[in-house]
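# Overview (structure and organization)
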Amino acid sequence: MESIALLIGSSLNAGTVLAIASLGLLINEKAGIVNLGAEGMMLCAALAGFATVVHTGSTVAGFAAGMAAGAFLAAIFGGLVIWLNTNQYATGLALSLFGAGFSAFAGSSYVQEKLPEQAQFVVPVLGNIPLVGPALFRHHPMVYICIGIVFGLIWFLYRTRAGLVLRSVGESPESAHALGYPVRRIRLMAVMAGGALCGLAGAYVSTIYTPLWVEGMIAGKGWIALALTTFATWRPARVLLGAYLFGGVTMLQFHLQGVGVNVPSQFLTMMPYVATIVVLVLISRNPTWIRINMPTSIGKPFYPGA
């Protein structure tokens, strides 16, 4: 039972990274923008967050630095695809490659650095409950903040006028423009907000999840986050459930190795990516789900004068 509690707890921790990044990408896509640069943004944010904590000792400052790095790179991406109408897919891939290369170059001097010890967080009373406490109530506050972000995003998208405007920009930018809404500025703000969340996820990886810096440490989590938005059919609550599912698959490989299951490590390592492909294939079998929930202008440029 203790091993099950440990597996649940590690799955929540791993799923938090994917959930935060996926929520950022969901905001982008709700506004009609596809950003394939999540991996690069998360890498640069991971480096920014780690370096900040090394020099300041403050995890909060590290999170802020990661969010700033993600928002900055997203702003560059947004300027290119929103105002210059460059291809969103090619620009996002370029951003991902740039982030991987730049973080490897700039982070070479931080490979041997160590972060200060982090105090273990335990929810009072609940954290002491046998089995349930270790599984659910002994995590970093960011795990619980992530759940709050999900509910906040649901409220924003479906209960506020600003959320309605954002969704209208993703559904029909021409109609939103005709009503006087600044489509390009709204899209840029959405892209930067999404970049900030991707940056927060990257900083969480390097400062809390695996408190160190090594080249390529995001290890494909940005691509899985992209797949999660489709898996969740652009619904925040489903993003959270999907993130925990994929987090569980990721941590299951370590759990199986720990209990001595004789399975090749290469097979276990590829499990999260196989699960991603399988889920996308299953989702694609029902095109109605995609057609109903997918923003109709996603990936398409907007020409105000057209």
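Below: a short report on this structure. Bear in mind that the values here come from a model prediction, so they are computed numbers and not experimental data. (Residues numbered from 1 in each chain as written. Predicted model: local features only at pLDDT ≥ 70, side-chain atom pairs only at ≥ 80, totals over all residues. Heavy atoms only, no water.)

This brings us to the overall build of the chain. Of regular secondary structure, the chain possesses 14 helices and zero strands. Ordered by position from N to C terminus, the α and β elements of the chain give α-α-α-α-α-α-α-α-α-α-α-α-α-α. Here the chain has a C-alpha radius of gyration of 19 Å; the compact-globule value for 306 residues is 19 Å, and the two agree. Each principal axis of the C-alpha distribution contributes one length, and for the chain these read about 60 × 45 × 40 Å. Expressed as a percentage of its 306 residues, the buried residues of the chain come to 49%. Within the chain, contacts between residues at least 6 apart in sequence are counted, and of these 78% link residues at least 24 apart. Taken as a whole, the chain presents about 14300 Å² of accessible surface, with 69% of it coming from carbon and sulfur. Each charge class in the chain was averaged separately, 15 positive and 8 negative side chains, and the resulting centres sit 16 Å apart. (Helix = DSSP H or I, 4+ residues; strand = E, 2+ residues; numbered from the N terminus. Rg over C-alpha atoms; globule rule 2.2 N^0.38 Å. Buried < 20%, exposed > 50% of the residue type's maximum accessible area, 1.4 Å probe, protein only. Contact = heavy atoms within 4.5 Å. Areas by Shrake-Rupley, 256 points an atom, 1.4 Å probe, with all protein chains shown as cover. Lys, Arg positive; Asp, Glu negative; His and termini not counted. Charge placed at Lys NZ, Arg CZ, Asp CG, Glu CD.)

Taken together, the side chains of Ile4, Ile8, Leu126, Ile129, Leu131, Val132 and Leu136 present a nonpolar region at the surface, about 500 Å² in accessible area. For the nonpolar patch, the secondary-structure elements that each account for two or more residues are α1 (2-30) and α5 (132-136). Mapped onto the fold, Leu131 is located in the loop between α4 (88-106) and α5. Note on Leu131: relative accessible area 35%, which makes it partly exposed. (Patch = residues over 30% accessible without salt bridge, like charges linked within 9 Å, V, L, I, M, F, W, Y side chains within 5 Å. Salt bridge = Lys/Arg side-chain N within 4 Å of Asp/Glu carboxyl O.)

As a further point, take helix α6 (residues 141-159). Taking 1.5 Å of rise per residue, 19 residues should cover 27 Å, and α6 covers 26 Å from first to last C-alpha, within 8% of that figure. Those residues of α6 that fall on the buried side of the exposure criterion are Met142, Val143, Cys146, Val150, Leu153 and Leu157. Projected onto a plane normal to the axis of α6, the buried residues spread over an arc of 110 degrees and lie on a single side. Opposite the buried face of α6, at more than 90 degrees from it, the exposed residues are Phe151, Trp155 and Arg159. (Expected span 1.5 Å × (residues − 1). Arc of directions from axis to C-beta.)

This brings us to helix α7 (residues 161-171). For α7, the full list of buried residues reads Gly163, Val165, Leu166, Val169 and Gly170. Around the axis of α7, the buried residues are gathered within 160 degrees of arc, so they sit on the same side. A distance of 3.0 Å separates the backbone nitrogen of Gly163 from a side-chain oxygen at the start of α7, and that oxygen is part of Thr160. (Polar contact = N/O pair within 3.5 Å; in protein donor to acceptor, adjacent residues only side chain to side chain.)

So, about the packing of helix α2 (residues 38-56) against helix α9 (residues 183-209). At a minimum axis separation of 7 Å, α2 and α9 run at an interaxial angle of 55 degrees. Here α2 lies oblique to α9, going by the angle between them. Viewed along their axes, α2 and α9 form a crossing whose handedness is right-handed. Of the residues in α9, those touching α2 at Ala38, Met41, Met42, Ala45, Ala46, Gly49, Phe50 and Val53 are Gly195, Cys198, Gly199, Ala201, Gly202, Ala203, Ser206 and Thr207. Within the contact of α2 with α9, the residues separate by chemical class into 10 nonpolar, six polar and no charged. (Axes fitted to C-alpha atoms, helices over the stretch in contact; angles between N-to-C directions. Parallel < 35°, antiparallel > 145°, perpendicular 65-115°, else oblique. Left-handed = near helix turned anticlockwise from the far one by under 90°. Nonpolar A, V, L, I, M, F, W, Y, C, P; charged D, E, K, R; others polar.)

A separate point is the nonpolar core. Among the nonpolar cores identified, the biggest contains 79 residues, and Tyr204 and Trp213 are the most heavily contacted of them. Looking at which element gives the most residues to this core, the answer is α9, with 13 residues. Contact partners of Tyr204, with chain neighbours within four places excluded, come to Asn13, Thr16, Val17, Phe63, His140, Met142, Val143 and Tyr209. (Core = buried A, V, L, I, M, F, W, Y, C linked by side-chain atoms within 4.5 Å.)

In short, geometric facts, not functional conclusions.
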